[in-house]
Structure formats: structure tokens, C-alpha cells
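Here is how the chains run, residue by residue.
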Amino acid sequence: MKRSEFIRSLGLGSGALMAVYCMGALTSCAKEDTPQPTNTNTPIINPSTGKVDFTLDLTLTANKGLTTSGGFLYNGDVIVAKVKSGNFIALSKICTHQGTTVVYQKDSDDIYCPNHGSMYDITGKVTQTPAPAPLKMYQTSFNTTTMQLRVFEN
Ligand code: FES
């Protein structure tokens with residue numbers, strides 16, 4: 001039996017199949033556990049240095065979370081947050097215990113790993129084990145005129 005004959009035998013037209021497919025795609029998106037938008041348009045590694053170096057345009061909707069204290073997002077393996085003081089921080093998002101993605105908690109101004117409860121302060125220092133090492137910290141530079149936030153490592 002040909003594929004088209006099989007599909008016809010199920011009584012499904014191409015529109016019905018597309019609807020089923022799209023529902024599956026939407027369900028997948030709804031299961032995303034990333035709490036803030038991820039900027040996927042920005043290369044995060046400078047090809048000439050091999051180091052993290054990217055710029056987020058805070059006028060873009062995808063990056064609006066960083067215009068308010070307590071907001072954060074991920075770009076590649078970096079978590080970028082606007083902390084309580086209004087400053088920006090950028091750290092590795094990869095928990096040093098077993099690699100789970102950490103989250104920024106605006107109420108406590110901490111970085112938290114939901115897997116086993118490790119906590120880090122906003123400099124990446126471990127404040128609650130089992131994490132064995134700090135999160136790598138990156139430099140940030142914000143241009144208030146252009147609303148461009150650069151994240152980089154020296
Ligand atoms: S993976 Fe983060 S605490 Fe275990």
C-alpha cells in the first residue's frame with residue numbers, strides 16, 4: 001500500500017494531518033521550561049578570539065526582560081540578568097554540579113539550580129552546595145543611549 005493510500009484509508013486529508021502536526025509542535029513549545037526568551041539571533045562566540053562576546057539589543061522584544069530589575073534571559077550557555085541594584089550580570093548558565101540550567105531569582109537576588117538546590121550569588125560564588133565550583137562570570141557593558149548590552153570575557 002502506498003503512503004497516500006494509507007493516509008486516505010485513515011480518512012485524514014492533508015489539512016487534518018497538518019493540524020495534528022501543528023498541535024504537536026505547539027505542545028512541544030508549551031513544554032519549554034525556559035522562563036524568559038532566549039535571544040537566538042546573536043552569535044555568542046567571537047570567531048577570532050574563541051571567547052564569549054555578544055551584544056543584546058534591549059530595544060528588541062526578545063530582550064525586553066532585561067529592561068526591568070529582576071528580568072533575565074539566556075543566550076547560548078550564558079544567563080544574563082538585571083539584578084535588584086539595576087546592574088547587569090552575566091554568568092555561565094550551567095550548574096557546576098551536574099550541568100542543569102540555573103535560574104535567577106529576583107526576590108533573593110540569587111542564582112538557583114532547580115535540580116539539587118545549589119545556590120550561587122550574583123558573582124557566581126557558591127552559597128549552597130552541592131555545587132563544587134563557582135559559575136563562570138562574564139563582563140558586561142551597557143550603552144544607555146543605544147540600549148546595547150555587551151557580554152564578553154577578557
Ligand atoms: S545539577 Fe545543579 S545542584 Fe545538581
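Structure report, in brief. Residue numbers restart at each chain and count upward from 1, following the sequence in its written direction. Reporting in this predicted model follows two pLDDT cut-offs: at least 70 for local features of residues, and 80 or more for side-chain atom pairs to be given and counted; totals over whole chains, interfaces and linings ignore these cut-offs and use all residues. No hydrogens and no water enter the side-chain calculation; it runs on all heavy atoms of the structure.

1. Quick look at the packing of aromatic side chains
So, step 1. Between 30 and 60 degrees the pair is tilted, below 30 it is stacked and above 60 it is edge-to-face, where a pair is any two Phe, Tyr or Trp rings, Trp via its six-membered ring, whose centres lie within 6.5 Å. Under the definition given, this model contains three aromatic pairs.
So, step 2. Taken together, a centroid distance of 5.8 Å and an interplanar angle of 85° make the contact between Phe72 and Tyr74 edge-to-face. Here the two residues Phe72 and Tyr74 agree in accessibility, since each one is buried.
So, step 3. Grouped by ring-pair contacts, the aromatic residues Phe72, Tyr74 and Tyr104 constitute a single cluster.
So, step 4. By definition here, charges over rings are those cases where NZ of Lys or CZ of Arg is within 6 Å of the ring centre and within 35 degrees of the ring normal. Of note, Arg150 hangs over the ring of Phe152, and the distance from its end group to the ring centre comes to 4.1 Å. For every residue, the accessible area (1.4 Å probe, protein chains only) is compared with the maximum for its type, and the residue is labelled buried under 20%, exposed over 50%, or partly exposed between those bounds.

2. Details of the sheet that holds strand E5 (residues 88–92)
So, step 1. Paired strands, in this sense, are two strands between which DSSP finds at least two bridges. Numbering of helices and strands runs from the N terminus, with a helix taken as a DSSP run of H or I at least four residues long and a strand as a DSSP run of E at least two residues long. Spatial ordering of the open sheet is given by E1-E2-E11-E10-E5-E4-E3, a layout of seven strands whose pairing is antiparallel. Since the sheet does not close on itself, it has two edges, and those belong to strand E1 (45–46) and strand E3 (72–75), each with one partner.
So, step 2. Bridge count for strand E2 (residues 51–57) against strand E11 (residues 148–152) is five bridges, and the pairing is antiparallel. Looking at E11, one finds that Thr55 is bridged to Arg150.

3. A word on the sheet that holds strand E9 (residues 126–128)
So, step 1. Spatially, the four strands line up as an open sheet ordered E6-E7-E8-E9, and their pairing is antiparallel. Edge positions in the open sheet fall to strand E6 (103–105) and E9, since each of these has one partner strand only.
So, step 2. Bridge count for strand E8 (residues 119–120) against E9 is two bridges, and the pairing is antiparallel. The residue bridging Met119 from the neighbouring strand is Gln128, located in E9.

4. Overview of the environment of Thr96
So, step 1. One can find Thr96 in the loop between E5 and E6.
So, step 2. Residue contacts for Thr96: discarding those within four places in its chain leaves Tyr120, Ala131, Pro132, Ala133, Pro134 and Leu135.
So, step 3. Whenever two N or O atoms come within 3.5 Å, that pair is a polar contact, provided that in protein one can donate a hydrogen and the other can accept it, and provided that, for residues adjacent in sequence, both atoms are side-chain atoms. Separated by 2.6 Å, the side chain of Thr96 and the backbone oxygen of Ala133 make a polar contact. The contact criterion used throughout is that any non-hydrogen atoms of two residues lie within 4.5 Å.

5. Observations concerning the nonpolar core
So, step 1. In plain words, nonpolar cores are sets of buried Ala, Val, Leu, Ile, Met, Phe, Trp, Tyr and Cys residues tied together by side-chain atoms within 4.5 Å. Ile79, Val102, Tyr104, Ile111 and Tyr120 are the most contacted members of the largest nonpolar core, which totals 15 residues.
So, step 2. Elements represented by at least two residues in this core include exactly E3, strand E4 (78–82) and E5.
So, step 3. Judged by nonpolar contacts, the second largest core, of 14 residues, contains Ile44, Val52, Phe54 and Leu56.

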